[in-house]
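Chains, contacts and geometry: an overview
Spelled out, the chains give:
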Amino acid sequence: MIGSCALAATALACGGATSAGSPGAAGASGQAGASGQAGDSSATAGTPGAAGAAGAAGAAGTPTGACNAVVQQHPNEGAFHVDCLPVPTYQTKPPSSGNHYAIWADFKTYTTPVPWGHLVHALEHGAIVIVYNCPGGCPDEVAAAQKMIDAFPADPICASPPTHRLILAPDPTLDVRWAASAWTWTIRATCFDPDAFGAFAQAHYGMGGEDLCGELHEPFCDVPI
């Protein structure tokens, strides 16, 4: 959601009404979600059918593969702009929707954690956010994730760079080793499974209700992570 914003030293004050939700994409065997209602805070993006596409990661909620990947759909937690402080909280790990900062994260690979208030705004723009928590390091898995991202089909609405709306970043708050979010969807796994994460990205890409690929390149909120 894009509203009027004033950037202060440590906080962003932003306003604006939510936009109309867009139809959810149909799952592999599910029906396409209904369009969100336009206008006020009750507006939500459409969601996939109950049997939506979990792809190679299997049916929603069912662990599959060597990395026990689990795909789940979650309720829409809203999409308003909020100040940097207090830090917004989310009902899922990793976050999959909710109120967020006015500045969205660039669609790229980060080597340091990014506040989720910025990442959730990127989700609203249709991004896939892939995160990991490897206290002892996992360079081979990170390289596999980057290889999957580099091979992802180019997005026609994106300039070059970026060529698609994918983000990779470490996340010390994550309670599993690897995970990814799309708008109202998550995948969680004990290791990086290229097939499962690739299928998740293909199935849920561009589902945030706002198809935007440009970046603002503004400072992130100076908040605890």
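If you're wondering where the values come from, they're calculated on a predicted model, not measured in any experiment. (Residues numbered from 1 in each chain as written. Predicted model: local features only at pLDDT ≥ 70, side-chain atom pairs only at ≥ 80, totals over all residues. Heavy atoms only, no water.)

1. Observations regarding helix H1 (residues 116-124)
H1 sits mainly inside the fold: nine of its nine residues count as buried. Of the positions making up H1, those classed as buried are Trp 116, Gly 117, His 118, Leu 119, Val 120, His 121, Ala 122, Leu 123 and Glu 124. For H1, the secondary structure elements touched by its buried residues are strand S4 (128-132), strand S5 (166-170) and strand S6 (178-182). (Buried < 20%, exposed > 50% of the residue type's maximum accessible area, 1.4 Å probe, protein only. Helix = DSSP H or I, 4+ residues; strand = E, 2+ residues; numbered from the N terminus. Contact = heavy atoms within 4.5 Å.)

2. Describing the nonpolar core
One finds Ile 128, Ile 130, Trp 178, Ile 187, Phe 197 and Phe 200 to be the most contacted residues of the largest nonpolar core, which totals 27 residues. Looking at this core, the elements that each hand over two or more residues are S4, helix H2 (139-150), S5, S6, strand S7 (185-189) and helix H3 (194-204). Of all the elements, H3 adds the most residues to this core, at four residues. What Ile 128 contacts, discounting residues up to four positions off in sequence, is Arg 165, Leu 166, Ile 167, Ala 180, Ser 181, Ala 182, Phe 200, Ala 201, His 204 and Tyr 205. (Core = buried A, V, L, I, M, F, W, Y, C linked by side-chain atoms within 4.5 Å.)

3. Observations concerning the sheet that holds S7
Ordered in space as S3-S7-S6-S4-S5, the five strands form an open sheet in which the pairing is mixed. Only two strands of the sheet have a single neighbouring strand rather than two, namely strand S3 (70-73) and S5. Direction aside, the axes of adjacent strands within the sheet are offset by 15° on average. Both S4 and S6 contribute to a ladder of four bridges, which runs antiparallel. Residue pairing in the sheet places Ile 130 in a bridge with Ala 180 of S6. (Pairing = 2+ DSSP bridges. Axes fitted to C-alpha atoms, helices over the stretch in contact; angles between N-to-C directions.)

4. A look at the layout of surface pockets
A volume near 250 Å³ is recorded for the largest pocket. Lining the largest pocket are 18 residues, with Pro 88, Tyr 90, Pro 95, Trp 116 and Thr 173 sitting closest to its centre. A per-class count over the lining of the largest pocket returns twelve nonpolar, four polar and two charged. (1 Å grid on protein atoms, 1.4 Å probe; cavity = no way out; pocket = protein on both sides within 12 Å on 5 of 7 lines; lining within 4 Å. Points joined across faces, edges and corners; volume = space filled by probe spheres on them. Nonpolar A, V, L, I, M, F, W, Y, C, P; charged D, E, K, R; others polar.)

5. Remarks on the packing of aromatic side chains
For any pair of aromatic rings, geometry is given as the distance between the ring centres together with the angle between the planes. Taken as a whole, this structure holds five aromatic pairs when the rule is applied. With 5.2 Å between their ring centres and 40° between their planes, Phe 152 and Tyr 205 make a pair best called tilted. One end of the pair, Phe 152, is in the loop between H2 and S5; the other, Tyr 205, is in the segment after H3, with 53 residues separating them in the sequence. The buried category is assigned to Phe 152, whose relative accessible area is 11%. Residue classification places Tyr 205 among the buried positions, given a relative accessible area of 18%. With a centroid separation of 4.9 Å and 35° between ring planes, the pair formed by Phe 192 and Phe 197 is classed as tilted. Accessibility expressed as a relative area gives 2% for Phe 197, which makes it buried. (Phe/Tyr/Trp six-rings, centres within 6.5 Å; stacked < 30°, edge-to-face > 60°.)

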